[in-house]
Structures are given as C-alpha cells and as structure tokens.
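What the coordinates show
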Amino acid sequence: MADPTPQQVRDFIAAGLPCAHLEVEGDGRHFFATIVSAEFTGLTRIKRHQRVYAALGERMREEIHALSMKTLTPEEWQQ
C-alpha cells in the first residue's frame, strides 16, 4: 500500500468532519494538520483529537503513521 499524500489525508479528514479550514502538510509518513471545525466547540483538546481520529478511522492504524494536529473552533481561528 502506497503512503498517503497530504492531499489524501486532507480529503480523508474532510470526508468525516465538517471543516471551516483544513491544511495538511507531510511527507507520506508523518503529517501535521491545522483543522478548524465548529464541531470542536466546547470540547477539550483530547476530545477534539479523538473526533479527528474517528474521522480517519482505520487509516490511522494502517496508512497514517504519525499525525500532529492543531484543532481550533472558528472563533479560535479568527483570533
């Protein structure tokens, strides 16, 4: 199985989580994402990350080896 591209990881996240803004950078094995979603409102950082992992599903175990992320609400993004 080929390593996913940053665009593919972006598409995986966007398919499972409505995002106001989404950027993904990476080298095929390690990725960094900035994710802005209204669904993060009222959630702790851990719960936000769990929401992203849920959107990625089995891909987190099988295709994506490392994902660092910044998770923000639209209000936090504006600041």
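Refer to the structure above for everything that follows.
To keep things clear, this report deals only with the structure shown in the data block.

Quick notes on the rules
Residues numbered from 1 in each chain as written. Predicted model: local features only at pLDDT ≥ 70, side-chain atom pairs only at ≥ 80, totals over all residues. Heavy atoms only, no water. Core = buried A, V, L, I, M, F, W, Y, C linked by side-chain atoms within 4.5 Å. Buried < 20%, exposed > 50% of the residue type's maximum accessible area, 1.4 Å probe, protein only. Helix = DSSP H or I, 4+ residues; strand = E, 2+ residues; numbered from the N terminus. Contact = heavy atoms within 4.5 Å. Pairing = 2+ DSSP bridges. Axes fitted to C-alpha atoms, helices over the stretch in contact; angles between N-to-C directions. Salt bridge = Lys/Arg side-chain N within 4 Å of Asp/Glu carboxyl O.

One finds I13, I35, V52 and L67 to be the most contacted residues of the largest nonpolar core, which totals 16 residues. At the level of elements, α1 (6-16), β1 (21-26), β2 (30-36), α2 (45-56) and β3 (66-72) are the ones that each hand at least two residues to this core. Contact partners of V52, with chain neighbours within four places excluded, come to I13, L17, I35, F40, L67, M69 and T71.

As a further point, take the sheet that holds β1. On the basis of which strands lie adjacent, the open sheet formed by three strands has the order β1-β2-β3 and mixed pairing. On the outer flanks of this sheet lie β1 and β3, each paired with one strand and no other. Here the average twist between neighbouring strands, direction ignored, is 10°. In terms of strand pairing, β1 meets β2 through six bridges, oriented antiparallel. Its bridge partner lying in β2, E23 is registered against T34. Each of β1 and β2 is contacted by α1, which is oriented at about 145° to β1, the strand it contacts most. Along the sheet, α2 makes contact with β2 and β3, crossing β3 at roughly 125°.

In this fold, A54 is placed in helix α2. When the C-alpha atoms of A54 and G16 are compared, they prove to be 7.9 Å apart, with 38 residues separating the residues in sequence.

Another aspect to go through is the environment of R45. Residue placement: R45 occurs in helix α2. Residues R45 and K70 lie 25 residues apart in sequence; the distance between their C-alpha atoms is 8.9 Å.

All right, on to the pattern of salt bridges then. Overall, the coordinates contain four salt bridges when judged by the stated rule. The partner of R29 in a salt bridge is D3, and the shortest N-O contact between them spans 3.4 Å. Residue R29 is found in the loop between β1 and β2, and its partner D3 is found in the segment before α1; the two are separated by 26 residues along the sequence. Looking at D3, the relative accessible area reads 36%, which means it is partly exposed.

None of this, on its own, says anything about what the molecule does.
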